[in-house]
Amino acid sequence: MIIRQVYNLNVLTVYVFKPEKSETMVRFTIHSSKFRLFKAGLVFTFLLFAFSAFSQVQTVTGTVRAADTRETLPGTSIFVKGTTVGTITDIDGNFSLPVESPAILVFSFIGYETQEVQFTGQTVLNITLETSKVALEEIVVIGYGTVRKSDLSGSVASIKAEDITKITAANPVQSLQGRVSGVQVTSVTGAPGASPVVRVRGIGTFNNTSPIYVVDGVILDDISFLNASDIASMEVLKDASATAIYGSRGANGVIMVTTKSGKVAEGKTVFSFSGEAGIQRLAKKIDLLTGREFAIISNDIKAGSYNNVDAVPNTDWQDLVFDIAPIQNYQLSASGASNTMNYYLGVGYFNQSGIIDKSKYQKITTKLNANFNMTHWLDLGINLSVTPFKQQIAPNVTYQVYRAQPLLMPYYDDGSFGVVYNVGNPFADLEYSNNFRDGVRAMGNIYADVKFTKDLTFKTSYGLDGEYVKATNFTPAFTVYNPDGTASQQQNIYSDLTKASNDMLTWLWENTLSYNKEFGEHMIDAVAGYTMQNTTSEWFSITGANIIRDGESFWYINPSYIQDPANDINNVSTISNGVDLGLNYSMISYLFRANYIFKNKYILTATFRSDGSSKFSKENQYAHFPSFAAGWNVSREKFMENIDLISRLKLRASWGKVGNEKIPYDRRFSIVSNHIAVFGDPSAAYPASSFGRLGNPDLKWETTTQTDIGLETGILNDRLIAEFDFYHKITSDILVDLTVPGYYGNGQGARITYNAAEVLNRGFEFNLMWRDQVGEFKYNIGFLGSTIHNEVLKIGGASGIDSVLIGGYLANGQPVTRTEVGQPIGAFYGYVTDGVFQTQEEIDNYPVYTQEELQPGDLRYVDINGDGVINPLDRTYLGSPIPKFIFGFSAGFEYKRFDFFLNIQGQTGNKIFNGKEVVRPDPYNFEAHVMDRWTGPGTSNDEPRPAFGGYNYNISDRFIYDGSFVRIRNVILGYTLPIDWSNKVFMQNLRVYVKADNLYTFSKFTGYTPEIGSGGVLDNGIDNGIYPITAVYSIGINLTF
Amino acid sequence: MKKINIIPAFIVILFLNGCSDFLDKELQNSLTQEAFPVTESDALLATNTTYTTLREWFYHSGGYPILDFMSDDAHKGSNPNDQLPTLGPYETFGHTPSQDGLDRWWNTLYLGVKRCNVVLDYVPEIQMNPALRDRYLAEASFIRGLLYFDMVRAWGGIPLVTSTNPPASLGRSDAEEVYALIIADLEVAVRDLPERNEYSGDDKGRATKGAAKALLAKVYLFRQEYTKAEPLLMEVINSGLYGLEPVFTDANSVNGNHGIESVFEIGAMQLESTDAGGNQYANTQGVRGTPNRGWGFNRPSLDLRNAFEQGDPRLKGTIIDLGDVIDGVTILGDGSTPDETTDEDGNVIEVECYNRKVWVPGTTTITQWGHQRRLIRYADVLLMAAEVLNENNKPGMSIFYLNMVRARAREGNNSILPDIMITDQALLRDIILQERRYELAMEGHRYWDLVRTGKAPEVLGPHGFVTGKHELLPIPQTEIDISQGTLSQNPNW
């Protein structure tokens, strides 16, 4: 039986004929060969006509689902028993097949029991297939097409709808964390609506490391506006063979997002609703000093600071500031299909309040996907998402909470805000903060699929992605007073208001020609295309002061707020306007991929993309990205037939080049900057302009060359499925901003972008899944992980500029990371400590310090270079923020109507720098470990004598923590009501569940979370007092009717 | 059938042809350097920018007044821990080539040089009013000389950049070459700049012939070329365009902005932003806490306080103490800064006090941003004249100008600050140096005065000054690293 899928089509009906089998079919074959040269449409029409001429022939449609999950089964083969007439289901599990009744239809799918159904003229046949303890053969979405997993020669990981909604999060990409090997999703902050950092296979650039997202064919930078419930599947393209089709944008990986579409289901619309409500709370408190302990330590630092340490107040700022906050997520969808169209409509509401007051995020997601079968040769369709959102951003009071002395009170007796020396009263900052960001993101495309012949399809798609955001930030005039009635530093003399807006619009026009053909044992699947994209953006910002009244209805800019000479306020210069430097470019691309499969066993893939980008000057505008891959389905070889242990085995290897061009578009230009000159008496402002930043007209693309070797296998009838990948990727010509000699006159901190660095990422990924069923007990256990070896191979070099990148600047300007050849990107750099000086004699016998006068109880820094002086030359590498191993463990159990799911994730081999503890220009509160301080010879060799700052707070390994952690990320317990109960309330299916996210984290780090993300690669793993990550407990309901 | 196949290909080709410039995106919202400066108004814009460098916070010795920290006039200030590891070492000459601020100062001075070079490279090519062109070139030459003079005093020989397109690997010129350029630039400025009264009122703050002469004289003074300095100083004095403010504090205050004593000052707007026209110089040193919410750096030392002659009003014209009432505003100071700092033996070594020279009336930070720093004031010109005349063996004239400065300081109280009658060259030399301290303390002169007069080892030795090393600052380590061996470090660093 040879059944083939036609890829990349919405209607996937393909006929395969073996003429010798039956009389009808012989006749059919004659027609078929006779009309082979005609358009597919004509053939098809004729065939329908031919079938209907024999009155018994009619078309049956339906959907095939898995009995256990109720998920549809794309790629199921259906054929009329005793003939070679057949088809396979499309990506949504739908099929349509003309059949001559009576007949027996055979439904088969790898991993499921084959089922035979008596056909007696039904128009609709919905079939459920039982698991055969052999895993299902997936259809995988790849760039500009789909492919059966067994025909895939690249490295692609997939996650399906049911797993995407397991985590309650604003951004669907959170669902990839711990579920896909080689992908790391890290929250930068726990603030509602904040986007996480996503990295695929390590860090290969100093620039934007984010993968690109392809949502139903439209290339995007972000998917936070999508509703997880609207997504059918996400595929992560990891190796060069898979990503090369996205050429210049593939280097950071590609995440394909396919949203849901309608399915034929018993001829009516399926409604489904899911609702979830939960609470979030601070997952972990930082152990800080109490008032009494703070008084004790203060007395240690300066005797007599507090006469009676038992009589001081004790304010637990964390308890006061962090609250329990609600989170809700509701979603309603309707989907359905007929012979001529299918549709999916979804509307969702997500609302999350932060555990810090005045932080909120809500979005309403609307989704429409529709596909119309206009004629047998033309499909038209639309995918559309419109998401209005509203965000309130709280000031970052976490750092204040960490620093505020516990002896201070938030309020005076009269209820007014108390002064919190040195850090400001967090409640006052919250009270007077009004920072809002509202906007709408709309994304969609319309497309046409034209089938020229049954082998050749043309698709054109015009996509739009637009966003408009407006921001309002109002701070009233206020003063927090000292106890003596004078004004403290925490005040805003004049109320101020900032209004800002930005808009972005991208259009993307893609044209592809797909060709699928089988010649005996050969199969070719090819796609070629031409695409154009243009992105523009603009922002505008204006600040006024001394707003006439505080109320929300006055939050509009008025000329008198900008020109206010009466109050010495003249803020004309705070009006600014420009384009987003990352969002102003155009691209032209040519793409090609051919997949050749021989005997169903040998796969060869070649991919090529040429990209031209406006970000580079004419000479460097175009770059070319080839890739090659091969796969071998070993288990289909004769010699494997008798090896029952191994049910599946595939080897694959790929090599290719991809690019990264995510840099600001202006870096090649040398700009003229504008200034203000001041002359006259009284002073007046005059315009001034001169040479500003120097550009580099020679900039070109970053190129990543990646090799991947993979093995996929199924053992014991696919009870155990295992996938292994080894990858090795070198990114060269990395665009890096290098310091140039000061005499170039660019000014402090100004850098020039060069193609001047090279980075290696190497690793091993595995994904193991065991599933089985014992009686009514079904279970699956998965374990996946990936190693990362990150190493800088080159910086600077021929450009003659610096070979060291300094980064990770703390709030006081001290850098914590250093990047140079032989080290990972953003490695920590500082002093190594060797205990605490116990006596003055020990100090006297130790190498001379250049600056500080030391006391017993101070830290002993190691004289690394052995020159007899402790100075900055003794700093060294203290570890990497990049984990060496990240892993995830999942377990799912089903017993009768109960289901249970557990997901654990973690990482090891990385370090965290506790930046928030180091920066202390003023007396702040301490972490509790200070109580174990040195108080005299022999008392401590770890914790130095306490001090409010100074020598012991130099950047050293004292602030380095092991970043390893294991987190219970997701626990779900569900119960599905018996079907007859559900039916009584007109439901098809009703499931209720309870869930906990981020339940517990095992970690040695003292901060809120060991998962510290950063947008900048040189600033990774530094805890500067981030908005804490929360634990979420929720209850939910899923129902379909 | 064939037609349908052709359509998409046709569309594609159509677009390809129609969009040959599709990938050409111009820079938005900025000129590129290829297109500037080309007009007369461009020439003015470029010239104006040479002055904006002087309002950059980093222009002022990297942001913090480290030159005063290194002198006997001042301590770091602010509260004890504030910037202690970054700024504290300057007080004790414990600073290193990586010390905070050195790179900022270096880079910003070169930023200023580049802005001058834009004018000097391109304005000569512009078709424009020749008189105006000469003035613009002279203004840029003056600013470039001013910047290089800071550099040569701070670091000695440095890479000498005279065009907007310097070579990729430039080594240090020796100090003589740097001085040669400074002198040449300032000679152009002396020749082509208008006198202060030849500018319109809107142009106050631009470089003048008088300022150029005073600066060039100062250059000669530092080079001990007294005979070259003398005529320049006498021309400034005899021009009749300058004088002393009757009240000492007005020499630096808002009352004296662009006043009779101002030879060259940096205009500023009262706006809390450098980009908008403000200058953070005074805010950095302003009273910490109430009323100014300044940062409180540069704390006058007890040594300075005790140095003043009995009754010299310039003591209170230099130091703000807690409890003072200035311009109707009471000084309360900072709650987190100790009022007194003592050593192990209980001796008071510092008291909380602030720099009066940057005082701006007001109770907010905003007003401080409008402070107009005087880079050259007439009292300095008179004291330079006194010094030069003494060196040129004209002690009578020397004490004449010296006593002009003392007379103003007296502010009418004849019981204090008697006229100096000593004419012995060596004694007078010391007296003039002392007078410079009283008159110009906390204005950034003292450290360099001690170094150039050879007094630094004696006065600053107890602070940690090492002869043969601390006369110069170390070249910033980042510059040494970037140069990959082209730049050498100063001796003994």
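Residues numbered from 1 in each chain as written. Chains lettered and ligands numbered in written order. Predicted model: local features only at pLDDT ≥ 70, side-chain atom pairs only at ≥ 80, totals over all residues.

(A) Region of interest: the overall build of chain A. Check the secondary structure of chain A and you find 12 helices and 56 strands. Taken over C-alpha atoms, the radius of gyration comes to 32 Å for chain A, in line with the 31 Å a tight globule of 1041 residues would show. When the backbone C-alpha atoms are referred to their principal axes, chain A occupies close to 105 × 65 × 65 Å. Counting across all 1041 residues of chain A, residues that qualify as buried make up 49%. At a minimum sequence separation of 6, the contacts of chain A that also span at least 24 residues come to 69%. (Helix = DSSP H or I, 4+ residues; strand = E, 2+ residues; numbered from the N terminus. Rg over C-alpha atoms; globule rule 2.2 N^0.38 Å. Buried ≥ 20, exposed ≤ 12 C-beta atoms within 10 Å, placed from the backbone. Contact = placed C-beta atoms within 7 Å.)

(B) Main features of the overall build of chain B. Per the secondary structure count, chain B includes 17 helices and 10 strands. Against the 2.2 N^0.38 benchmark of 23 Å for 493 residues, chain B shows a C-alpha radius of gyration of 26 Å, consistent with a compact globule. Projected onto its principal axes, the C-alpha coordinates of chain B cover approximately 110 × 55 × 50 Å. Per-residue burial for chain B yields a buried fraction of 55% across its 493 residues.

(C) Region of interest: the packing of helix α2 (residues 40-52) of chain B against helix α5 (residues 102-122) of chain B. All names here are of chain B. At a closest axis distance of 8 Å, the pairing of α2 and α5 adopts a crossing angle of 160 degrees. What the angle tells us is that α2 and α5 run roughly antiparallel. Seen along the crossing, α2 lies across α5 with a hand that is left-handed. Facing α2, whose interface residues are Ala 46, Thr 47, Thr 49 and Thr 50, α5 presents Gly 112, Arg 115, Cys 116, Val 118 and Val 119. The residue inventory of the contact of α2 with α5, partitioned by class, reads 4 nonpolar, 4 polar and 1 charged. (Axes fitted to C-alpha atoms, helices over the stretch in contact; angles between N-to-C directions. Parallel < 35°, antiparallel > 145°, perpendicular 65-115°, else oblique. Left-handed = near helix turned anticlockwise from the far one by under 90°. Nonpolar A, V, L, I, M, F, W, Y, C, P; charged D, E, K, R; others polar.)

(D) Inspection of α5 of chain B at higher detail. Relative to the 30 Å expected for 21 residues at 1.5 Å per residue, α5 of chain B spans 30 Å between its end C-alpha atoms, a close match to the ideal helical length. Most of α5 of chain B is tucked away: 19 of the 21 residues are buried. (Expected span 1.5 Å × (residues − 1).)

(E) Main features of the packing of helix α7 (residues 175-192) of chain B against helix α8 (residues 209-222) of chain B. Residue and element names in this part refer to chain B. Between α7 and α8, whose axes approach to 8 Å, the crossing angle comes to 155 degrees. Relative to α8, the element α7 is oriented roughly antiparallel. You can see that α7 and α8 cross each other, and the crossing is left-handed. For the pair α7 and α8, contact is made by Tyr 179, Ile 182, Ile 183, Leu 186, Ala 189 and Val 190 and by Lys 209, Ala 212, Lys 213, Leu 215, Leu 216 and Val 219, respectively.

(F) Just the sheet that holds strand β4 (residues 94-100) of chain A, in detail. Residue and element names in this part refer to chain A. One open sheet holds the 3 strands; their spatial order is β4-β1-β7, and the pairing between them is mixed. If you trace the sheet from one side to the other, it starts and ends with β4 and β7 (127-129), each paired once. Neighbour-to-neighbour, the strand axes of the sheet open up by a mean angle of 40 degrees, direction not taken into account. (Pairing = 2+ DSSP bridges.)

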